[in-house]
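Secondary and tertiary structure notes
Chain by chain, the residues:
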Amino acid sequence: QVQPVEAGGGLVQPGGSLRLSCAVSGSTWFILDMGWYRQAPGKQRQLAAVISSSGTTTYADSVKGRFTISRDNAKKTVYLQMNSLKPEDTAVYYCNAFLRVSIDDGGRDYWGQGTQVAVSS
């Protein structure tokens, strides 16, 4: 069974850093986009950053210059380095992978269970 599994959340002071990771377990044929979404209390889930299979990255304006997304295709893992964290970055961060499990599969989204990031003094 294919499942993205996140790690690395926690509590950090404003201005601090955290690194999230997400490894896709199970058998896959090809992983296209991998990304991080976040959902703050009372708000909709929103894109933070996404990276394509070729390494092209896209960031939400609110995290540009502070967050860096990267991936290791051999490990089927995506990372999110978060620097200069602000209280407004507090949210549950969800890993997403759009992938194909076989050559006959058209592909679909798979979601992790989420990891809490809290930025507070």
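Everything numeric here is computed off the predicted structure, so don't read it as measured data.

Of the pockets and cavities examined, the largest pocket occupies roughly 210 Å³. As for the largest pocket, its lining consists of 14 residues, of which Arg38, Lys43, Gln46, Ser62 and Glu88 are closest to the centre. Of the residues assigned to the lining of the largest pocket, the class counts are four nonpolar, four polar and six charged.

What follows concerns the nonpolar core. Counting residues in each nonpolar core, the largest one holds 27 residues, and the members touching the most others are Trp36, Val78, Leu80, Met82 and Tyr93. Elements supplying a minimum of two residues to this core: strand 3 (18–25), strand 4 (30–39), strand 5 (46–51), strand 7 (67–72), strand 8 (77–82), strand 9 (91–100) and strand 11 (115–119). Per-element accounting of this core gives the leading share, five residues, to strand 9.

Attention now goes to the pairing of strand 4. Where strand 4 and strand 9 come together, eight bridges link them in antiparallel fashion. Its bridge partner being in strand 9, arginine 38 is matched across the sheet by tyrosine 93. Sheet analysis places strand 4 next to strand 5, joined by five bridges and oriented antiparallel. Note that in strand 5 the partner of glycine 35 across the bridge is valine 50.

One pass over the full model with this rule turns up one disulfide. Each sulfur in the disulfide pair cysteine 22 and cysteine 95 lies 2.1 Å from the other. When the S-S torsion is -80 degrees, as for the bridge of cysteine 22 with cysteine 95, the disulfide is left-handed. Of this pair, cysteine 22 sits in strand 3 while cysteine 95 sits in strand 9, and the two are 73 residues apart along the sequence. Accessibility expressed as a relative area gives 0% for cysteine 95, which makes it buried.

A word on the sheet that holds strand 1 (residues 3–7). Strand order in the open sheet made by the four strands is 1-3-8-7, with antiparallel pairing throughout. The strands lining the two open edges of the sheet, one partner per strand, are strand 1 and strand 7. Looking at each pair of strands side by side, their axes are set apart by 15 degrees on average, direction ignored. As judged from the five bridges shared by strand 1 and strand 3, these two strands associate in the antiparallel manner. The residue bridging glutamate 6 from the neighbouring strand is cysteine 22, located in strand 3.

Rules used throughout
Residues numbered from 1 in each chain as written. Predicted model: local features only at pLDDT ≥ 70, side-chain atom pairs only at ≥ 80, totals over all residues. Heavy atoms only, no water. 1 Å grid on protein atoms, 1.4 Å probe; cavity = no way out; pocket = protein on both sides within 12 Å on 5 of 7 lines; lining within 4 Å. Points joined across faces, edges and corners; volume = space filled by probe spheres on them. Nonpolar A, V, L, I, M, F, W, Y, C, P; charged D, E, K, R; others polar. Core = buried A, V, L, I, M, F, W, Y, C linked by side-chain atoms within 4.5 Å. Buried < 20%, exposed > 50% of the residue type's maximum accessible area, 1.4 Å probe, protein only. Helix = DSSP H or I, 4+ residues; strand = E, 2+ residues; numbered from the N terminus. Pairing = 2+ DSSP bridges. Disulfide = S-S within 2.5 Å. Axes fitted to C-alpha atoms, helices over the stretch in contact; angles between N-to-C directions.

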